[in-house]
Amino acid sequence: RIAPSPSGPLHIGHAYGASLNYEYAKMYQGKLILRIEDTNPENIYQPAYQLIEEDIRWLTDNNLAEVIVQSLRLGIYYDYAEKLVEMDKAYVCTCDQDQGRELKKEGKACPCRELGVKKQQLRYAKMFNEYAEGEAVLKLKTDLQHKNPAMRDFSLMRINEHVHPKTGKEQRVWPLMVFSVAIDDHELGLTHVINGKDQADNAKKESIIMEYLG
């Protein structure tokens, strides 16, 4: 899969990644999917949707199996998030961000983490119509003592009320990249992903999400 964000046209780094993925797919008679990751409403250049697809088709001799746009799949992410809350694997955090960062650094749980499933379900529902932007974030319960602080109770979804070119003001809860990627890689039946080393931590986070969901 190629998974650029539509923040602008493709650059040479995208072309390099796209070509590598395409050549591997071709070598093993696989399929190449273009997934446009547009879950950050604040960083979208609308013409990029068309520009990205045109350039990827040119780079791959028009051998794209499918084009996926994440903003059109929000219901899927919401269902999986709800499932994680029901399983007591995710919780809604309303703590001050600086306080939350300090607790994470110390390997301590925030007060929100200890609330029961029923309360968490209610808080998750409130993300869609009551909490304001910046007031609540959905986090995954992980090992608070993990040697890598980035792996401790990382965020899955947040509220962003910025107008989105595809959904307008209709949606305000958006998945963060690690969550949408973990869900989509599974849902789309992807078997191999070629990433840069800068994605190493994200790959580990995605594996944890997939493991929780079986």
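So, how was this worked out
Residues numbered from 1 in each chain as written. Predicted model: local features only at pLDDT ≥ 70, side-chain atom pairs only at ≥ 80, totals over all residues. Heavy atoms only, no water. Buried < 20%, exposed > 50% of the residue type's maximum accessible area, 1.4 Å probe, protein only. Helix = DSSP H or I, 4+ residues; strand = E, 2+ residues; numbered from the N terminus. Polar contact = N/O pair within 3.5 Å; in protein donor to acceptor, adjacent residues only side chain to side chain. Disulfide = S-S within 2.5 Å. Core = buried A, V, L, I, M, F, W, Y, C linked by side-chain atoms within 4.5 Å. Contact = heavy atoms within 4.5 Å.

A. Summary view of unusual backbone geometry. Backbone geometry places Gln 29, a non-glycine residue, at a positive phi of 50 degrees. Overall, Gln 29 belongs to the exposed group, its relative accessible area being 70%. The backbone of Asp 61 sits at a positive phi, close to 55 degrees, despite the residue not being glycine. Tracing the sequence through the fold places Asp 61 in the loop between helix 2 (48–59) and strand 2 (66–69).

B. Expanded view of the environment of Thr 191. Inspection of the secondary structure puts Thr 191 in the loop between helix 6 (177–187) and helix 7 (200–212). Polar contacts involving the side chain of Thr 191 include one to the side chain of His 192, which spans 2.9 Å.

C. View of the state of the cysteines. Evaluated as defined, the whole model comprises 0 disulfides. Not engaged in a disulfide, the cysteine Cys 95 finds its nearest cysteine sulfur in Cys 112; these two sulfurs lie 3.7 Å apart.

D. Quick look at the nonpolar core. Counting residues in each nonpolar core, the largest one holds 27 residues, and the members touching the most others are Tyr 124, Met 127, Leu 138, Leu 156, Met 157, Phe 179 and Ile 209. Mapped onto this core, the elements with two or more residues apiece are helix 3 (74–86), strand 3 (90–93), strand 4 (137–140), strand 5 (155–159), strand 6 (173–175) and helix 6. Once residues lying within four places of it in the same chain are set aside, the contact partners of Met 127 are Val 92, Ala 136, Val 137, Leu 138, Met 157, Arg 158, Ile 159, Arg 172 and Val 173. Judged by nonpolar contacts, the second largest core, of 15 residues, contains Ala 25, Ala 48, Tyr 49 and Ile 56.

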